[in-house]
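Read off the chains here:
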Amino acid sequence: MRRFALVALMIVVSFLFFGMTIMHPIGKPILQDMDNYFITHAQEETGANNVVTSIVFDYRGFDTLGEATVLFAAVSGVAMLFGRRIRA
Amino acid sequence: MREMSRIVRTVSHIMFPFVIMFGFYLVVHGHLTPGGGFQGGAIIASGLALLIVAYSRSRVKKVVKKEVLTTIESSGLLMFIGLAFLGIGATFFYNFLANSGIIFGDSVAYGINPGNLNTAGTLPLMSIAVGLEVLAGLSIIILMLAIGSLAGEGSR
């Protein structure tokens, strides 16, 4: 069983290394239209120097709303679990 | 957990305002420098964690009220959704204040520039709203976990 696990691990690792050799180079995306649009238009459209913030809070605001909702749900769960009065 | 030694308490007493100030700086300058609402709120909540570690949990529990924190959190989320709904004339999450000349309405030049705090429309307001929500939410989680373990110790 242990030898089988070792062989399986080696196969997976060799596939990973093979994938690394034929991987697309980082920093040269195939589709660049959206990146170029954000870089050239984000400053004049939102007026923010930080393009990342303009994407997080403006272009992809729904995503941030979802994150805030997830945090709110987590806080509600913790408050429900620990906020009750514990009988002495 | 009892409170830690006098050295730790003094150092945390000196460092706490700087941690809070750095967190609020990150929140307010979210549209100019790296950072934003989430990161700044997490730093402010870590300041509260510093207080809980240095002083005792029961002492922090007397000062920081849970009701105040829940109010801050809910109002932050409501402010965020309300700002998103204010731009509903065009789309949801439309930046209606950008380049309008009102508050946060200055336009910015293209390219690398030092930046102006009075820009970016609704982005700083949304950053502040998310910052309030995150700081109150993470503070509630830290406080609740600390107090919950305190109660378990007391009943044993």
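Residues numbered from 1 in each chain as written. Chains lettered and ligands numbered in written order. Predicted model: local features only at pLDDT ≥ 70, side-chain atom pairs only at ≥ 80, totals over all residues. Heavy atoms only, no water.

It is not clear to me how a nonpolar patch on the surface should be interpreted in this structure. Could you clarify?
Residues and elements named next belong to chain B. On the surface, a cluster of nonpolar side chains totalling about 900 Å² of accessible area is made up of Met4, Ile7, Val8, Val11, Ile14, Met15, Phe18, Met21, Leu50 and Val53. At 7 residues, helix α1 (residues 6-28) tops the list of elements feeding residues into the nonpolar patch. Tracing the chain through its elements places Phe18 in helix α1. (Patch = residues over 30% accessible without salt bridge, like charges linked within 9 Å, V, L, I, M, F, W, Y side chains within 5 Å. Areas by Shrake-Rupley, 256 points an atom, 1.4 Å probe, with all protein chains shown as cover. Salt bridge = Lys/Arg side-chain N within 4 Å of Asp/Glu carboxyl O. Helix = DSSP H or I, 4+ residues; strand = E, 2+ residues; numbered from the N terminus.)

Would you explain the packing of aromatic side chains in this entry?
This model, assessed by the stated rule, comprises 6 aromatic pairs over all chains. Look at A:Phe38 and A:Tyr59: their rings are 4.7 Å apart centre to centre, the planes differ by 50 degrees, and that puts the pair in the tilted class. One end of the pair, A:Phe38, is in helix α2 (residues 33-46); the other, A:Tyr59, is in helix α3 (residues 51-59), and 21 residues separate them in sequence. Given a relative accessible area of 11%, A:Phe38 falls into the buried group. What makes A:Tyr59 partly exposed here is its relative accessible area of 22%. On the numbers, 6.4 Å between centres and 25 degrees between planes, the contact of B:Phe22 with B:Tyr25 is stacked. Of this pair, B:Phe22 and B:Tyr25 both sit in helix α1, 3 residues apart, which is roughly one turn of that helix. Among the aromatic residues, those joined into a cluster by ring pairs are A:Tyr37, A:Phe38 and A:Tyr59. (Phe/Tyr/Trp six-rings, centres within 6.5 Å; stacked < 30°, edge-to-face > 60°. Buried < 20%, exposed > 50% of the residue type's maximum accessible area, 1.4 Å probe, protein only.)

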